[in-house]
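The chain contents come next:
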Amino acid sequence: MSALALPEAAPRGRSLWRDAGRRFAGNRAAMASVGVLAVIALSALAVPWLSPYSRDAIFWDLMAAPPDLAAWHPFGTDTNGRDLFVRTLHGARISLMVGTVATLVSLVIGVTYGAVAGYLGGKVDALMMRLVDILYALPFLFFVILLMVVFGRSILLIFIALGAVEWLDMARIVRGQALSLKRREFVEAARVLGVPSLVIVRRHIVPNLLGPVVVYATLTVPRVILFESFLSFLGLGVQEPMASWGVLISEGARSIDTAPWLLLFPGACLAATLLALNFIGDGIRDALDPRDR
Amino acid sequence: MLSYALRRLAGAVPTFFVIVAVSFFLVRLAPGGPFDQARRLPPAIEANLQRAYHLDEPILQQFTRYLGGLLRGDFGPSFKYHDFSVTELIWGGLPASLTLGFGAMTIAVLAGIAIGLTAALKRNSRLDHLVMAAAMTGIIVPSFVVAPLLSLVFGIYLRLLPVGGWRGAASAVLPIVTLALPQIATIARLTRASAIETLGSPFVRTARAKGLPDVQVMIRHVLKPALLPVLSYLGPATAGILTGSVVVEQIFGIPGIGRYFVQASLNRDYTLVMGVVVLYASLIILFNLAVDLLYRVLDPKLGRAP
């Protein structure tokens, strides 16, 4: 039996992923974006070594002071006399964490939901997708705010709530892929062999639809980061002493006439991150699907 | 066509119901009552309050009461502004919010289409690249960064426009521009892509071969098919403008619905938050419905028969 099941050792071909990797490396905008993102992420991790100050240390003689490299306040200090450089990098930690975790949550929900709906098909599929259609029409940001109002503001809730509203597109994409995958021969073979549905979904369907899922997930990260900043800007996101970019931007906007750097530095960091993530997402899409260009 | 419209309208009803139900039960799940204070009220007063707001009834009865009220345009009383009903507060904010929303939408559509068409006609020129790079930036830089920057430049440095408040037409300019910018960018990108596609299609080549002047080709043959994707984007654009208005009204201090919404969220004024969510959700559903119907009328491929 085992002799039959073993495939002949194939000549090592160019795999989809290696090809994609090479195309991605040739995309200048995407590679530059990876660099920008790496700098932001690494400095966020290395704050304690980059600056001697803690995020809540107050400099009583330096309230809203402009950037000063000699005293190592490269971004200046905020209206409470705290070092903005340190606070911005701590904000980067939160924003990047929210982006990753909420995207993972949306990934898990969306892939499971879409794969099950697509694989089972028929009435179940119709019902499940009808639900997605209904949810689609809802202005989700408002529901997230409603959630924050009702259950209080906690960072854990932000992770889950943002992930829970971002899975709809993912479910649609995955369902479409699953619908076409389930008619393929290898799935049929598995079914004939008596493999249970759930195992087929897990072992055969999900691994094969990873391409579009990865693309979509990279594009979800900046959206989630933007959402979190939006909530924090309104005062409904993370709370002091934590500071996300949204909080910093909202503080900066209040003192923009006297200390514009309080808005400019966090704003530029947020914009750069969003831009980089979008370029990376586009780059991955073009790398995986060159026809799309 | 009519039967299609009716069917779609009937399809919107369950969506509306889900919205109301989700927001209603979410709010009821909230820990603590709306009248919890640091000092406990005497039980008799608390019972009176509960009765006045119908909180002593079974929850299903409260739900049907709320639903019935909504159908009559009554959003119930505000829990925090004791002398106002939610409907009165929403009416109060409506003029400012409507002005901003309609202004932003009009500018977004007109400017977006004009920019997109220009870029498509001058495809791959320096102008095209410049405009599309600007559009990308416009989409990505969030409105809560753009708004303070605009008020810094035009309000404080140049002193051309007021930085906030709601007095006169000049005070509406910056908020409307802030709201419109990301939508202009998106619409320009959409228009450019679909115009390029249309310009390459056989019927345009035929029109050109017939010797029609460029302007005629644009107006008679390219415009309509190129604008269909823009039309279907108007639904999401409405959602985007409504969401953006929350931030913009907050930044520029405009007495609109969005600002009430934020204040109510921070005050935990459940009924007001719920009212705005229900109102905005219904608006978006209705707008999507209208766009779908219009699309069906305009797109020859979909056919007129139901």
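Note that the structure is predicted; figures quoted are calculated from it, not measured. (Residues numbered from 1 in each chain as written. Chains lettered and ligands numbered in written order. Predicted model: local features only at pLDDT ≥ 70, side-chain atom pairs only at ≥ 80, totals over all residues.)

**What about the overall build of chain B?**
Using the following cut-off: For helices the rule is a DSSP run of H or I covering at least 4 residues; for strands it is a run of E covering at least 2, with both sets numbered from the N terminus onward. Note on burial: count the other C-beta atoms lying within 10 Å of the residue's C-beta; 20 or more is buried, 12 or fewer is exposed, in between is partly exposed, and C-beta positions come from the backbone. Residue pairs qualify as contacts under a 7 Å threshold applied to their C-beta atoms, which are placed from the backbone.
Each helix and strand counted, chain B has 11 helices and zero strands in total. Each helix and strand of chain B, placed in order from N terminus to C terminus, yields the pattern α-α-α-α-α-α-α-α-α-α-α. Dimensions of chain B along its principal axes, counting C-alpha atoms only, are 85 × 55 × 30 Å. Per-residue burial for chain B yields a buried fraction of 37% across its 306 residues. Contacts spanning at least 24 positions in sequence make up 74% of the contacts within chain B whose residues lie at least 6 apart.

**Looking at the overall build of chain A**
In terms of regular secondary structure, chain A is built from 14 helices and zero strands. Reading the helices (α) and strands (β) of chain A from amino to carboxyl end gives α-α-α-α-α-α-α-α-α-α-α-α-α-α. Taking the principal axes of the C-alpha coordinates as reference, chain A spans close to 80 × 50 × 35 Å. Here chain A holds 293 residues, and 45% of them are scored as buried. The contacts of chain A with a sequence gap of at least 6 include a subset with a gap of at least 24, amounting to 69%.

**Looking at the interface of chain B and chain A**
Interface size is commonly expressed as the accessible area that is lost once the parts come together. The condition is simple: For this classification, Asp, Glu, Lys and Arg are treated as charged, while Ala, Val, Leu, Ile, Met, Phe, Trp, Tyr, Cys and Pro are nonpolar and the rest, including Gly, are polar.
Opposite the 35 residues of chain B that make contact, chain A presents 31 residues. If you list the elements that add at least two residues to the side of chain B that touches chain A, you get helix H1 (2–29), helix H6 (143–157), helix H9 (214–252), helix H10 (257–267) and helix H11 (270–298) of chain B. Across the side of chain B that touches chain A, the residue classes break down as 28 nonpolar, six polar and one charged.

**Description of the environment of Ile158 of chain A**
Residue and element names in this part refer to chain A. With respect to the helices and strands, the residue Ile158 is situated in helix H8 (residues 155–165). Spatially, the C-alpha atom of Ile158 lies 23 Å from that of Leu131, the residues being 27 residues apart in sequence. Non-local contacts of Ile158, meaning those with residues more than four positions away in its chain, are made with Val98, Glu228, Leu231 and Gly237.

**Some words on the environment of Met129 of chain A**
Residues and elements named next belong to chain A. Its place among the elements puts Met129 in helix H6 (residues 122–136). Judged by the 17 C-beta atoms lying within 10 Å of it, Met129 is partly exposed. Put simply, Met129 and Pro260 are 131 residues apart on the chain and 48 Å apart in space, counted from C-alpha to C-alpha. Apart from residues lying up to four places away in sequence, Met129 is in contact with Ala117 and Arg175.

**Here we look at unusual backbone geometry**
Residue and element names in this part refer to chain B. Positive phi, normally seen in glycine, also occurs at Asn124, with a value near 65°. On the secondary structure map, Asn124 appears in the loop between helix H4 (86–121) and helix H5 (126–140). You can call Asn124 exposed: it has 9 C-beta atoms within 10 Å. Of note in the backbone geometry, Arg159 takes a positive phi value of approximately 55° without being a glycine.

**Some thoughts on the packing of H10 of chain B against H11 of chain B**
All names here are of chain B. Rules: Note on definitions: angles span 0 to 180 degrees between N-to-C directions of axes, and those axes are lines fitted to C-alpha atoms, for helices only across the stretch in contact. The cut-offs work like this: below 35 degrees is roughly parallel, past 145 is roughly antiparallel, 65 to 115 is roughly perpendicular, and the gaps in between are oblique. By convention the crossing between two helices is left-handed if the near helix lies anticlockwise of the far one by an angle smaller than a right angle, and right-handed if it lies clockwise.
Where H10 meets H11, the axes come as close as 8 Å, and the angle between the chain directions of the two elements is 140°. In this view, H10 runs oblique relative to H11, as classed from their interaxial angle. The crossing of H10 and H11 is left-handed. Residues Ile257, Tyr260, Phe261, Ala264 and Ser265 of H10 form the contact with H11, whose participating residues are Leu272, Val273 and Val276.

**Describing helix H9 (residues 167–181) of chain A**
Counted only if it meets this: Expected helix span is given by 1.5 Å per residue-to-residue step, counting one fewer step than there are residues.
Spanning 15 residues, H9 of chain A covers 20 Å between terminal C-alpha atoms, matching the ideal 21 Å at 1.5 Å per step. Inspection of H9 of chain A places Trp167, Leu168, Met170, Ala171, Arg172, Val174, Arg175, Gln177, Ala178 and Leu181 of chain A among the buried residues, and these make up the whole buried set.

**Quick look at helix H12 (residues 210–233) of chain A**
With 24 residues, H12 of chain A extends 34 Å between its outermost C-alpha atoms, agreeing within 8% with the 34 Å of an ideal straight helix rising 1.5 Å per residue. In the segment just after H12 of chain A, Gly235 of chain A is the residue with positive phi, at about 90°.

**Description of the nonpolar core**
Counted only if it meets this: We call a set of buried Ala, Val, Leu, Ile, Met, Phe, Trp, Tyr and Cys residues a nonpolar core when their C-beta atoms link them within 7 Å.
One finds Val144 and Leu162 of chain A together with Val273 and Val277 of chain B to be the most contacted residues of the largest nonpolar core, which totals 161 residues. The residues contacting Leu162 of chain A, other than those within four sequence positions of it, are Val98, Ala102, Val144, Val224, Phe227 and Glu228 of chain A.

**A word on the confidence of the model for chain A**
Stated precisely, the cut-off is as follows: Scored from 0 to 100, pLDDT reflects the predictor's confidence in each residue.
The pLDDT averaged across chain A works out to 82; a share of 92% of its residues lies at or above 70. Mean pLDDT values over the elements of chain A span from 50, in helix H1 (residues 2–5) of chain A, up to 90, in helix H3 (residues 28–45) of chain A.

**Concerning the packing of helix H7 (residues 140–151) of chain A against H11 of chain B**
The N-to-C vectors of H7 of chain A and H11 of chain B enclose an angle of 165°; their axes lie 10 Å apart at closest approach. Considering the angle they form, H7 of chain A stands roughly antiparallel to H11 of chain B. The chirality of how H7 of chain A crosses H11 of chain B is left-handed. Between H7 of chain A and H11 of chain B, the residues in contact are Phe142, Phe143, Leu146 and Val149 of chain A and Val273, Val277 and Tyr280 of chain B, respectively. Residues that form the contact of H7 of chain A with H11 of chain B fall into these classes: seven nonpolar, no polar and no charged.

**With respect to the confidence of the model for chain B**
In this model, chain B carries a mean pLDDT of 84, and residues with pLDDT of at least 70 account for 94%. Among the prediction metrics, the complex's ipTM stands at 0.76, with pTM recorded as 0.80.

**Let's talk about the environment of Asp128 of chain B**
Residues and elements named next belong to chain B. Along the chain, Asp128 falls in helix H5. Taking the C-alpha atoms as reference points, Asp128 and Thr118, 10 residues apart in sequence, are found 7.9 Å from one another. Each residue touching Asp128, except ones within four places of it in the same chain, is listed here: Ala119, Lys122 and Arg123.

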